[in-house]
Each structure stands twice: as C-alpha cells, then as structure tokens.
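Remarks on the overall topology
Each chain, letter by letter, is given below.
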Amino acid sequence: MSQSAALVLFSGGQDSTVCLAYALNRYHRVETIGFDYGQRHTVELDCRTTVRKGLADLSPVWAERLGADHVCDLKGFGQVSETSLTRELEIVTDESGLPSTFVPGRNLMMLTFAAALAWRRDISILVGGMCETDYSGYPDCRRSTLNAQELALRRGMDRPFVIDTPLMWLDKAETWEMAFDLGGNGLVDLIVESTHTCYLGERSCRHVWGYGCGSCPACELRASGYRKWKGDLAA
Ligand code: ZN
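These notes cover the structure that comes with them.

Reading the values: rules and limits
Residues numbered from 1 in each chain as written. Predicted model: local features only at pLDDT ≥ 70, side-chain atom pairs only at ≥ 80, totals over all residues. Heavy atoms only, no water. Donors = N, O, S within 2.8 Å, 3.2 Å for Na, K, Ca; no water. Tetrahedral: all angles 85-135°; square planar, octahedral: opposite > 155°, others 65-115°. Helix = DSSP H or I, 4+ residues; strand = E, 2+ residues; numbered from the N terminus. Contact = heavy atoms within 4.5 Å. Phe/Tyr/Trp six-rings, centres within 6.5 Å; stacked < 30°, edge-to-face > 60°. Buried < 20%, exposed > 50% of the residue type's maximum accessible area, 1.4 Å probe, protein only. Axes fitted to C-alpha atoms, helices over the stretch in contact; angles between N-to-C directions. Parallel < 35°, antiparallel > 145°, perpendicular 65-115°, else oblique. Left-handed = near helix turned anticlockwise from the far one by under 90°. Salt bridge = Lys/Arg side-chain N within 4 Å of Asp/Glu carboxyl O. Pairing = 2+ DSSP bridges. Core = buried A, V, L, I, M, F, W, Y, C linked by side-chain atoms within 4.5 Å. Polar contact = N/O pair within 3.5 Å; in protein donor to acceptor, adjacent residues only side chain to side chain.

**Section: the coordination of the zinc ion**
Around the zinc ion, the protein contributes the donor atoms Cys198 (SG), Cys213 (SG), Cys216 (SG) and Cys219 (SG), at 2.3 to 2.4 Å from the metal centre. Its four donor atoms give the zinc ion angles of 106 to 117 degrees at the centre, a pattern that matches the tetrahedral case. Expressed as a motif, the donor residue spacing for the zinc ion is C-x14-C-x2-C-x2-C. Here cysteine 213 lies in the loop between strand 7 (210–211) and helix 8 (217–234) and cysteine 198 lies in the loop between helix 7 (172–194) and strand 6 (206–207), a separation of 15 residues in the sequence.

Next up, the structure:
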C-alpha cells in the first residue's frame, strides 16, 4: 500500500481542480476519478481533460506525478436520485433547509466507488473537495460524515484509507488564495478559463471569475469568493 499515492475525486470544477493541484504538490503518484451520474449538463466532465492537461503543462513535476484518469458510469444512480442536477427542476430550498441541488447519498457513493478503485490501484489516500464552510447545507460535506465514512471504508475493505479534504475549512476566497499559492497566476488563469461550476451548464458568458450564468448559487459563491480574494489582495 503506497502512502504517497492519492486518488482525487475530480469533476473538472474549481474545487476539485484546486484539490488536484494540492495532491500533485503533496503526493508522488496521483490518479483521478470522475463520475457520470446523468448530470443535466456534461460541461464539467468535458472540462476534465482540458484541466488535467493544463495542470501538467504548468509544472514538469506535476506532469510526472499525474497518473491515470478513470471515469465511472453511474447513470443508474442518477435514475434513483431525482434532483435538479439530473432533471429540469427549479433550484429551490425545501422546508428543511436543503437546496434542491442536494443529491442524497452522492458523496457517500462516490467515495465508496473511489475507495474500491483505490484498493485495486494500491492507493490509500482519497482526496475530495468537500467543504463545510460553503457547504450549501449538504450534510455529506461535513467532516463528521467523512470521518464516519473513513472508518466504514477502513473496516469494510481492511485498508488504512484516509479521506483528505484540503478545502474543508476554507471559504471560497481562501480557495482562490490556495490556488494562487499552489500554482501562481498560471493556475488561477487555468481555473478561470477551463473549470466549470455553474449549475445551469452556462458557458457562453465569460466573467472575470470564469464562465457561468452568474446568478445560480454555484456562480454566486464562485463570483463573491473571487471578488473577496481580489479585494483582500488589494488591501
Ligand atoms: Zn450559474
């Protein structure tokens, strides 16, 4: 079991791109896994190849460490889990405070698939962009949930899995700052130009913080984080 190999849950979005850069800095062999669960838009999945290549172009060390990419077809899960990410529903908040973009069980399932693949690939570290600070009310982004799953995976697969969540306690401005610290303006530019976060799959409008509709919850978080980060740098 290699302690210096990691598998990154990589969607092609801003957060998982920062996680991939973090892993490439820290671990000697880094593989990526992506999931197609019947999202309404495949824009994020399409960004994955571009971003992986962009990261390899930024640093020879990263290029050498970046290993295989794996894409899991989980469309069956999309059928079970009908939400506004997999169906054309308006994004609203329900009476319990959960947004309709919440996909029940998604992170739990992705981490289980990732661990099964990691087991086979002789990898013990799983890296994910879950974040409790900007977590939009998703209960499976909490560190306490991930601690419980880490324990379940260790017991269930008899391997010393670690779920590494470098963004857990950062807000979106700090995530931009982390990208800058890891890869300078080159990485910030790659994130702006090539990653995708918008829930509506909108890529026709380019803002200073990247592409998106500008008004869905994901765009609003990304944009306000970028503005705060730029403001902090100027201060
Ligand atoms: Zn949007």
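**Regarding the environment of glycine 210**
Turning to its location among the elements, glycine 210 is positioned in strand 7. Those residues within four positions of glycine 210 in sequence are excluded, and the remaining contacts are Val192, Cys205 and Arg222.

**A few points about the packing of aromatic side chains**
Within this structure, the stated rule accounts for four aromatic pairs. Aromatic side chains tryptophan 176 and tryptophan 229 sit 6.2 Å apart centroid to centroid with 15 degrees between the ring planes, which places their arrangement in the stacked category. Here tryptophan 229 lies in helix 8 and tryptophan 176 lies in helix 7, a separation of 53 residues in the sequence. Accessibility classification places tryptophan 176 together with tryptophan 229 in one group, the buried group.

**Some points on the packing of helix 2 (residues 43–58) against helix 7**
The geometry of helix 2 relative to helix 7 is characterised by a closest axis approach of 10 Å and an angle of 165 degrees between their N-to-C directions. It follows from the interaxial angle that helix 2 and helix 7 lie roughly antiparallel. In terms of crossing hand, the pair formed by helix 2 and helix 7 is right-handed. Of the residues in helix 7, those in contact with Cys47, Thr50, Val51, Gly54, Leu55 and Leu58 of helix 2 are Gly186, Leu187, Leu190 and Ser194.

**Brief notes about the pattern of salt bridges**
By the definition in use, this model includes eleven salt bridges. For glutamate 31, the salt bridge is made with arginine 29, and the minimal N-O distance between the two is 2.9 Å. One salt bridge in this structure joins aspartate 69 and arginine 48, with 2.7 Å as the shortest N-O distance. Residue aspartate 69 is found in strand 3 (residues 66–73), and its partner arginine 48 is found in helix 2; the two are separated by 21 residues along the sequence.

**With respect to the pairing of strand 4 (residues 123–127)**
Here is the key point about a regular strand: its side chains alternate between the two faces of the sheet. The element strand 4 is largely enclosed, with a buried count of five among its five residues. In this sheet, strand 5 (residues 162–164) lies alongside strand 4 in parallel orientation, the contact comprising three bridges. Residue valine 127 lies in a different strand from strand 5, and its bridge partner there is aspartate 164.

**Remarks on the nonpolar core**
Of all hydrophobic cores here, the largest spans 66 residues; its most connected members are Leu55, Leu126, Val127 and Leu187. The leading source of residues in this core is helix 7, at ten residues.

**Some details on the environment of tyrosine 138**
Examined against the element boundaries, tyrosine 138 turns out to sit in the loop between strand 4 and helix 6 (143–157). Taking C-alpha positions, tyrosine 138 is 8.7 Å from valine 103, a pair spaced 35 residues apart along the chain. A distance of 3.0 Å separates polar atoms of two side chains, one belonging to tyrosine 138 and the other to tyrosine 199.

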